[in-house]
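# Coordinates in review
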Amino acid sequence: MSEKGEGMSEQAGTTADDPDNCEHVLERVYQFIDHELDTASSDAIRRHLVACEPCLERFDVEQAVKSLVRNRCGGDQAPSQLRDKVLGQLAAAKVQASQA
Ligand SMILES: [Zn+2]
């Protein structure tokens, strides 16, 4: 009788840059909106966001806008322009995804 100790280390590994990992996507979604990511990365994020409803729900637009504003001008009053931009980005992503 010899049992193999397999199956214990299947989920090992630290994926530093995994576009399929919800946490990572949400971490980088601000950079995505702010166009700080390269094309491949932002494409991966966009695809994940439109395909993953939990992420879309967890992605708080208000929060994202505030964070962007804080980064840029040190205030926390989010101009409606920026908010529209964020919403527009998501809407555009959805359209693109449904056309693909
Ligand atoms: Zn997700």
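Residues numbered from 1 in each chain as written. Predicted model: local features only at pLDDT ≥ 70, side-chain atom pairs only at ≥ 80, totals over all residues.

### What about the overall build of the chain?
In terms of helices and strands, the chain carries five helices and zero strands. Traced from its N-terminal end to its C-terminal end, the chain shows the element sequence α-α-α-α-α. The 100 residues of the chain split such that 14% are buried. Here the contacts in the chain between residues at least 6 apart in sequence split such that 48% fall between residues at least 24 apart. (Helix = DSSP H or I, 4+ residues; strand = E, 2+ residues; numbered from the N terminus. Buried ≥ 20, exposed ≤ 12 C-beta atoms within 10 Å, placed from the backbone. Contact = placed C-beta atoms within 7 Å.)

### Concerning the environment of His 48
By the element assignment, His 48 lies in helix α2 (residues 39-51). For the pair His 48 and Asp 20, spaced 28 residues apart in sequence, the C-alpha to C-alpha distance is 6.6 Å.

### Some words on helix α1 (residues 22-33)
With 12 residues, α1 extends 16 Å between its outermost C-alpha atoms, agreeing within 8% with the 16 Å of an ideal straight helix rising 1.5 Å per residue. Considered for burial, the residues of α1 that qualify are Val 25, Val 29, Phe 32 and Ile 33. Mapping the buried residues of α1 onto a view down its axis gives an arc of 70°, with all of them on the same face. Those residues of α1 that are exposed and angled more than 90 degrees off the buried face are Glu 23 and Glu 27. Looking at the residues trailing α1, positive phi occurs at His 35, about 60°. (Expected span 1.5 Å × (residues − 1). Arc of directions from axis to C-beta.)

### Here we look at the nonpolar core
Listed in full, the 10 residues of the largest apolar core are Val 25, Val 29, Phe 32, Ile 33, Ile 45, Leu 49, Ala 64, Val 65, Val 86 and Ala 93. Setting aside residues no more than four positions away along its own chain, Ile 33 makes contact with Ala 64, Leu 68, Val 86 and Gln 89. (Core = buried A, V, L, I, M, F, W, Y, C linked by C-beta atoms within 7 Å.)

### A closer look at the packing of α1 against α2
Close contact between α1 and α2 brings their axes to 10 Å; oriented N to C, the two are set at 120°. By the criterion of interaxial angle, the relationship of α1 to α2 is oblique. Every pair of crossing elements has a handedness; the one defined by α1 and α2 is left-handed. Where α1 approaches α2, its residues Val 25, Arg 28, Val 29 and Phe 32 are matched on the opposing element by Ser 42, Ile 45, Arg 46, His 48 and Leu 49. A per-class count over the contact of α1 with α2 returns five nonpolar, two polar and two charged. (Axes fitted to C-alpha atoms, helices over the stretch in contact; angles between N-to-C directions. Parallel < 35°, antiparallel > 145°, perpendicular 65-115°, else oblique. Left-handed = near helix turned anticlockwise from the far one by under 90°. Nonpolar A, V, L, I, M, F, W, Y, C, P; charged D, E, K, R; others polar.)

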